[in-house]
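Remarks on the overall topology
So you can see what is in the structure, the chains are spelled out below.
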Amino acid sequence: MAVLNILRYPDPRLHRVAEPVREVDQHIRQLVRDMAETMYAAPGIGLAATQVDVHLRVIVLDVSEGRDQLRVFINPEIVERSVDSKVYEEGCLSVPGIYDEVERPDRVTVRALDEHGKPFTVEADGLLAVCVQHEIDHLNGRVFVQYLSRLKQSRIKSRLLKADRAVA
Ligand code: GNR
Ligand code: NI
């Protein structure tokens, strides 16, 4: 097991589009374990492979209170979205210290493979719906700040670049 390094916005690698997993094998299961360890250590409620510079369609997520209900989504697809939307204050491990409101469909139905390659479907609402959409965005090279105004995006960029310079 290993805690992996998380890329920080505005790293251009966060905008790569992840490739579908061809076969859910031991290599993928090891990636899932490392991603779960990284997510719990951060701590965060979700993590997309893109954030650890692996450009495969793999997500781990745990929105439970007890932090004991890991969910794994491989090659996730949103097959249905609700017409009604909801605004939620989002954050991201790749955009530390920044929180802002994003509007998304309130409920989504997601189809994916689990860590054994078995297909499943989940109807997500609440925090799970927010988080799974946020993670699928990462796989498509999209970071939540891209829903914000240009002005906010450029302020966030300079703030994070400055913070990174301060620790370097
Ligand atoms: O830990 C996380 N919290 C969070 C809060 C509100 C909306 C989305 C998230 S996901 C985030 C972890 C992360 O960056 N996943 O990509
Ligand atoms: Ni994120």
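No experiment lies behind these values; they were computed from the predicted model shown.

**Focus on the nonpolar core**
Residues Ile 59, Leu 61, Phe 73, Val 108, Val 110, Ala 124 and Val 132 are the most contacted members of the largest nonpolar core, which totals 16 residues. Elements represented by at least two residues in this core include exactly strand S2 (58-61), strand S6 (108-113), strand S7 (119-124) and helix H2 (126-139). In terms of residue count, the dominant contributor to this core is H2 (6 residues). Each residue touching Leu 61, except ones within four places of it in the same chain, is listed here: Met 39, Ile 45, Gly 46, Gln 69, Leu 70, Arg 71, Phe 73, Leu 128, Cys 131, Val 132 and Glu 135. Membership of the second largest hydrophobic core comes to 15 residues, among which are Val 21, Met 35, Ala 49 and Val 72.

**A short note on unusual backbone geometry**
Note: most peptide bonds trans; most residues except glycine with negative phi. With omega at 5°, the peptide bond leading from Tyr 9 into Pro 10 counts as cis. For Pro 10, the location among the structural elements is in the segment before helix H1 (26-41). Cis geometry marks the peptide bond from Ala 42 to Pro 43, where omega comes out at -10°. Positive phi values are uncommon outside glycine, yet Arg 67 reaches one of about 55°. Turning to its location among the elements, Arg 67 is positioned in the loop between S2 and strand S3 (71-81). Given the relative accessible area of 29%, Arg 67 is considered partly exposed.

**So, helix H3 (residues 150-167)**
For H3, which comprises 18 residues, the first-to-last C-alpha distance of 26 Å matches the rise-based estimate of 26 Å (1.5 Å per residue) to within 8%. Of the residues making up H3, those classed as buried are Gln 153, Ile 156 and Leu 160. The buried residues of H3 occupy an angular sector of 65° when projected down its axis, which confines them to one face. Among the exposed residues of H3, those pointing more than 90 degrees away from its buried face are Arg 150, Arg 155, Arg 159, Lys 162, Arg 165 and Ala 166.

**A closer look at the coordination of the nickel ion (ligand 2)**
Coordination of the nickel ion (ligand 2) by the protein involves Cys 92 (SG), His 134 (NE2) and His 138 (NE2), with metal-donor separations of 2.1 to 2.3 Å. The motif formed by the donor residues of the nickel ion (ligand 2), counted along the single chain, is C-x41-H-x3-H. With Cys 92 in the loop between strand S4 (85-90) and strand S5 (100-105) and His 134 in helix H2, this pair connects stretches of sequence that are 42 residues apart. The class for Cys 92 is buried, based on a relative accessible area of 11%.

**Observations regarding the pairing of S3**
The pairing of S2 with S3 spans 4 bridges and is classified as antiparallel. From the neighbouring strand, Val 60 faces S3, where its bridge partner is Val 72.

**Let's talk about the pattern of salt bridges**
A full pass over the atoms with the stated rule returns 9 salt bridges. Across the salt bridge formed by Asp 164 and Arg 8, the nearest N and O atoms sit 3.4 Å from each other. Note that Asp 164 is positioned in helix H3 and Arg 8 in the segment before H1, a separation of 156 residues in sequence. The partner of Lys 86 in a salt bridge is Asp 106, and the shortest N-O contact between them spans 3.6 Å. Of this pair, Lys 86 sits in strand S4 while Asp 106 sits in the loop between S5 and S6, and the two are 20 residues apart along the sequence.

**Concerning the side chain of His 55**
Tracing the backbone shows His 55 in the loop between strand S1 (46-48) and S2. Among the polar contacts made by the side chain of His 55, one reaches the side chain of Asp 53 at a distance of 2.8 Å. Filtering out sequence-adjacent residues up to four positions away, His 55 remains in contact with Arg 13, Arg 16, Ala 18, Glu 19 and Thr 50.

**Focus: the site of ligand 1**
Taken together, 14 residues surround ligand 1, and among them Ile 45, Gln 51, Leu 93, Glu 135 and His 138 come closest. With respect to ligand 1, the side chain of His 134 contributes an N or O atom lying 3.1 Å from an oxygen atom. When ligand 1 is considered free in solution it has 380 Å² of accessible area, and contact with the protein chains removes 89% of it. Using a 2 Å cut-off from the grid points, one finds that ligand 1 occupies the largest pocket. Elements represented by at least two residues in the shell around ligand 1 include exactly S4 and H2. Broken down by element, the residue count for the shell around ligand 1 peaks at 4 residues, all from H2. Per-class residue counts for the shell around ligand 1 are 5 nonpolar, 6 polar and 3 charged.

Parameters at a glance
Residues numbered from 1 in each chain as written. Chains lettered and ligands numbered in written order. Predicted model: local features only at pLDDT ≥ 70, side-chain atom pairs only at ≥ 80, totals over all residues. Heavy atoms only, no water. Core = buried A, V, L, I, M, F, W, Y, C linked by side-chain atoms within 4.5 Å. Buried < 20%, exposed > 50% of the residue type's maximum accessible area, 1.4 Å probe, protein only. Helix = DSSP H or I, 4+ residues; strand = E, 2+ residues; numbered from the N terminus. Contact = heavy atoms within 4.5 Å. Expected span 1.5 Å × (residues − 1). Arc of directions from axis to C-beta. Donors = N, O, S within 2.8 Å, 3.2 Å for Na, K, Ca; no water. Pairing = 2+ DSSP bridges. Salt bridge = Lys/Arg side-chain N within 4 Å of Asp/Glu carboxyl O. Polar contact = N/O pair within 3.5 Å; in protein donor to acceptor, adjacent residues only side chain to side chain. Near = heavy atom within 4 Å. Areas by Shrake-Rupley, 256 points an atom, 1.4 Å probe, with all protein chains shown as cover. 1 Å grid on protein atoms, 1.4 Å probe; cavity = no way out; pocket = protein on both sides within 12 Å on 5 of 7 lines; lining within 4 Å. Sits in = over half its atoms within 2 Å of the grid points. Nonpolar A, V, L, I, M, F, W, Y, C, P; charged D, E, K, R; others polar.

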